[in-house]
Amino acid sequence: MKAIVLEAADKPLVLKEVEKPAMGADEVLVQIKAAALNRRDYWITIGKYAGIKYPSILGSDGAGIVSEVGDNANKQWLNKEVIINPCHNWGPNAGYQNRDFSILGLPENGTLAEYVKVKAEYLYLKPAHLSWEQAAALPLAGLTTFRALFTKGKAKKGDKVLITGVGGGTGTFTLQWAVAAGCRVFVTSGSGDKIEMAKQMGASAGVNYKAQDWAEQLKLMAGGFDVIIDSALGDGFDKLLDLANPGCRIVFFGGTAGNIPPLNGRKIFWKQLQILGTTMGSPDDFKAMVDFVNEHQIVPVVDEVFLLADADKAVRKMEHSTQFGKIVLKTWS
Ligand SMILES: NC(=O)c1ccc[n+]([C@@H]2O[C@H](COP(=O)([O-])OP(=O)(O)OC[C@H]3O[C@@H](n4cnc5c(N)ncnc54)[C@H](OP(=O)(O)O)[C@@H]3O)[C@@H](O)[C@H]2O)c1
């Protein structure tokens, strides 16, 4: 089969002919129709991720058709149109993942290929209203942000929600979930155009985080927030404490702009704030996310679709954060 292979830290991703994956008894083979990128793929290509191995087939997100089913897997999956939950071995605790938890696309070979093997338990029916490209965009960012906003952030109708860096794959999903849930949503972005696009999707307003006084502008616009979803951290993170309403949940799952700066602890305890880390999500979170997509007929925002052969070009696009939504790869020309 054809696959995109990462051969070494300093080499671009290349399209190669490789062995089709050998399936275990409880596994299925999915013929990938479309795959999507996450910033994780970019971090791996620049060597900034734990446990990188070479060669690797990256890709955590994929949608396709089940082409083979292992002896112990449910035969009803054969020929079904599916998406794959990339969060493997979550374990029994809803609150946190097992020690042997892993993410599809490293260490296991991922979806940037014609075929991927996974355990049948990670299959979910593709929402019927979505194209292959839209469905492929859903799994990793959809799961992470759904858990961040609802399971951890406890967002509910009428809450005022702030999403930082709305233009990314996770940012656009958080916006869609929050708008569909009836929250009042404000955003930050490094681009005025992206703020406008977010407003067209239901955001009330937004500010550019590159402005010196972005937090003060937001305070004037919105007052304070009940839930803040952040994936940037960096120097701006301490401003979130001033933007938080008493009892606010500040949830984060990434550090695109750096680490957590020194914080004024008094603000945190006086305002009864919760600062919550989260990663990926449980099988229950994934199921709830897919149900929510079907119920609200949510269509993921796809920024651009590349051919699989152009995967390296697609990953490079992430470097400059010019995308609005997900970057998708399709396996056919
Ligand atoms: N722990 C997990 O389970 C998990 C899951 C998914 C993602 N992540 C992490 O979450 C982050 C976002 O992932 P992604 O896939 O959405 O990445 P992405 O599509 O590359 O988006 C990154 C976004 O970060 C925003 N950004 C950059 N600098 C910023 C700053 N100083 N302040 C605020 N926002 C800033 C930009 O938003 P604008 O374009 O609007 O300027 C950019 O589009 C990454 O660090 C990723 O590794 C973690």
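Residues numbered from 1 in each chain as written. Predicted model: local features only at pLDDT ≥ 70, side-chain atom pairs only at ≥ 80, totals over all residues.

Named according to an unreviewed UniProt entry, the chain is Zinc-binding dehydrogenase originating from Mucilaginibacter ginsenosidivorans.

**Q** Mind showing me how you'd approach the overall build of the chain here?
**A** For the chain, the helix and strand inventory stands at 10 helices and 17 strands. Relative to the 2.2 N^0.38 estimate, which gives 20 Å for 333 residues, the radius of gyration of the chain is 20 Å and therefore close to what a compact globule would have. Each of the three principal axes of the chain carries a C-alpha extent, and together these read 60 × 40 × 35 Å. Residues counted as buried form 49% of the 333 residues belonging to the chain. The long-range share in the chain, meaning contacts at least 24 apart out of those at least 6 apart in sequence, stands at 68%. (Helix = DSSP H or I, 4+ residues; strand = E, 2+ residues; numbered from the N terminus. Rg over C-alpha atoms; globule rule 2.2 N^0.38 Å. Buried ≥ 20, exposed ≤ 12 C-beta atoms within 10 Å, placed from the backbone. Contact = placed C-beta atoms within 7 Å.)

**Q** Could you clarify how one ought to interpret the domain arrangement of the chain in this entry?
**A** Accessible area lost when the parts come together is the quantity often used to give the size of an interface. In terms of domain boundaries, the chain breaks down into domain 1 (2-138 + 300-330) and domain 2 (143-277). In this structure, domain 1 and domain 2 have C-alpha centres spaced 28 Å apart. Each partner contributes to the interface: domain 1 provides 10 residues, whereas domain 2 provides 10 residues. In terms of residue class, the side of domain 1 that touches domain 2 is built from four nonpolar, four polar and two charged. (Domains from an automatic or database assignment. Nonpolar A, V, L, I, M, F, W, Y, C, P; charged D, E, K, R; others polar.)

**Q** Mind showing me how you'd approach the sheet that holds strand S14 (residues 244-252) here?
**A** Whether parallel or antiparallel, the strands of a sheet pair through hydrogen bonds between backbone atoms. Taken in spatial order, the six strands of this open sheet run S12-S11-S10-S13-S14-S15, and their pairing is parallel. Each edge of the open sheet is held by one strand with a lone partner, namely strand S12 (205-208) and strand S15 (274-277). For this sheet, the mean angle separating the axes of adjacent strands, direction not counted, is 15°. The pairing of strand S13 (residues 225-230) with S14 spans five bridges and is classified as parallel. What sits directly across from Ile-229, in S14, is Val-251. Helix H5 (residues 192-200) contacts strand S11 (184-189) and S12 of the sheet and is inclined by roughly 165° relative to S12. Strand contacts of helix H6 (residues 214-222): strand S10 (160-163), S11, S12 and S13, with the helix running at about 165° to S12, the strand carrying the most contacts. (Pairing = 2+ DSSP bridges. Axes fitted to C-alpha atoms, helices over the stretch in contact; angles between N-to-C directions.)

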